[in-house]
Amino acid sequence: MGLFKGKKETMTIGVLTSGGDAPGMNAAVRAVVRTAVHAGAKVKGIRRGYSGLLEEDFVEMTTRSVADIIQRGGTILYTARCPEMMRPEGPEKAAAICRKNGIDALVVIGGDGSYRGALEISKHDINVIAIPGTIDLDVASSDYTIGFDTALNTAMDAIDRVRDTSASHERCSIIEVMGRKAGHIAMWCGIANGAEEILIPERYDYEEQAIIDRIAMRKKLGKKLHIIINAEGVGDSNGMAKRIEAATGLETRATIIGYIQRGGSPTCRDRVFASAMGAHAVDILLGGGSNRAVCFLNGEFTDMDLAEAIAMKKDIDTYLWDISRKLCR
Ligand code: ADP
């Protein structure tokens, strides 16, 4: 195609999924492969993220290798965490392996950590495009990350179920959702599930007594059901349940939803966004772009410099947070 630094006629793109898996990663891989192949480029799938790259675990990909995967959760390329990448020689070795195997550019689908790995590889003269794939929504450069919508809907459904049994038993329930250090899933579910309390690392002041006082007050007002959504980053849901029960006399249970939030068939939104982002990543490469982060910003699919993307910080949506405060009373 002659567009890629004039080096050779056919571009070879390596694609990998890295870090925590997210529903929709398969749809993104499919879009990368199909867009690239359609444009005459070659694609090598790299298994198990950066670990597979360092071990040269490659698989040639055609439009057929990505058939029947758009609806599947997880990632057909597998994913892994790779400590070797954190050492100075890791990214250099990764870049050398790409060159040795004729990989001109890498498409990395993953979260914040995967972006950092991608940036380190790019410093050794390998072109890298990053796609935001994480259920946690904690990639600052994009308003949307692949997997968030599916995880939210899974968590929301699970919380509804806990709510039913809590209502029957007139209990207080603490439900812990995923999100690592970010409270996006907790906040969205807190609104969607009508929780009385939403505890997220970005806002929680660890004033547990204030929560206990509010529960006691609501109990006095005749409330039979108390739902607390606890973000993973706040933690200690079991300890908190014991302390609330001791202080209020109200039977209190903690439920940690856990890994079911990471699996399952992606929602329509995740499939469509992953498809658009995967195609956009290849379009950047075909257009001669280098070291970019694919983003969804202000309602548009776009991209920005990878280093700039990594330097950005993300807060929770303050408008939604304010609303959540008003609605939980
Ligand atoms: P996620 O991409 O979901 O945030 P991790 O934070 O576990 O997941 O990162 C995935 C992988 O990215 C790590 O296992 C490591 O191989 C690589 N990585 C993370 N941070 C860095 C870094 N600062 N330098 C190089 N590689 C990194």
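For the structure itself, look to the data block above.
It should be emphasised that the depicted structure is a prediction, and the values quoted were computed from it without experimental measurement.

Reading guide: rules and limits
Residues numbered from 1 in each chain as written. Predicted model: local features only at pLDDT ≥ 70, side-chain atom pairs only at ≥ 80, totals over all residues. Heavy atoms only, no water. Near = heavy atom within 4 Å. Polar contact = N/O pair within 3.5 Å; in protein donor to acceptor, adjacent residues only side chain to side chain. Areas by Shrake-Rupley, 256 points an atom, 1.4 Å probe, with all protein chains shown as cover. Helix = DSSP H or I, 4+ residues; strand = E, 2+ residues; numbered from the N terminus. Nonpolar A, V, L, I, M, F, W, Y, C, P; charged D, E, K, R; others polar. Pairing = 2+ DSSP bridges. Axes fitted to C-alpha atoms, helices over the stretch in contact; angles between N-to-C directions. Salt bridge = Lys/Arg side-chain N within 4 Å of Asp/Glu carboxyl O.

**Q** I keep staring at the site of the ligand and nothing clicks. Help me out?
**A** Of all residues adjacent to the ligand, which total 16 residues, the nearest are Arg 81, Cys 82, Gly 111, Gly 113 and Ser 114. One of the backbone nitrogen or oxygen atoms of Asp 112 is found 3.4 Å away from an oxygen atom of the ligand. At a separation of 2.5 Å, an oxygen atom of the ligand approaches a polar side-chain atom of Ser 114. Contact with the protein chains removes 84% of the 550 Å² of surface that the ligand exposes when unbound. Counting residues per element, the shell around the ligand draws most heavily on helix 4 (residues 112-122), at six residues. Grouping the amino acids of the shell around the ligand by side-chain chemistry returns four nonpolar, seven polar and five charged.

**Q** Please explain the sheet that holds strand 6 (residues 172-177) as it appears in this structure.
**A** Each strand in a sheet pairs with its neighbour through backbone hydrogen bonds, running either in the same direction (parallel) or in the opposite one (antiparallel). The sheet built from four strands is open, its strands ordered 7-8-6-9 with parallel pairing. Two strands bound the open sheet, and with one partner strand each, they are strand 7 (197-199) and strand 9 (252-256). Averaged over all pairs of adjacent strands, the angle between their axes in this sheet comes to 15°, without regard to strand direction. As paired strands, strand 7 and strand 8 (residues 226-231) are joined by three bridges and run parallel to one another. Bridge pairing in strand 8 links Glu 197 to Ile 228.

**Q** When you look at the pattern of salt bridges in this model, what are you seeing that I'm missing?
**A** When the charged atoms of two side chains lie near each other, side chains of opposite charge can form a pair. One pass over the full model with this rule turns up 22 salt bridges. In this structure, Arg 48 and Asp 57 form a salt bridge, with 2.9 Å as the shortest nitrogen-oxygen distance. The salt bridge involving Asp 112 is made with Arg 116; its shortest N-O contact spans 3.8 Å. Here Arg 116 and Asp 112 lie together in helix 4, a separation of four residues that amounts to about one turn. Each of Arg 47, Arg 48, Glu 55 and Asp 57 takes part in a single network of salt bridges with overlapping partners.

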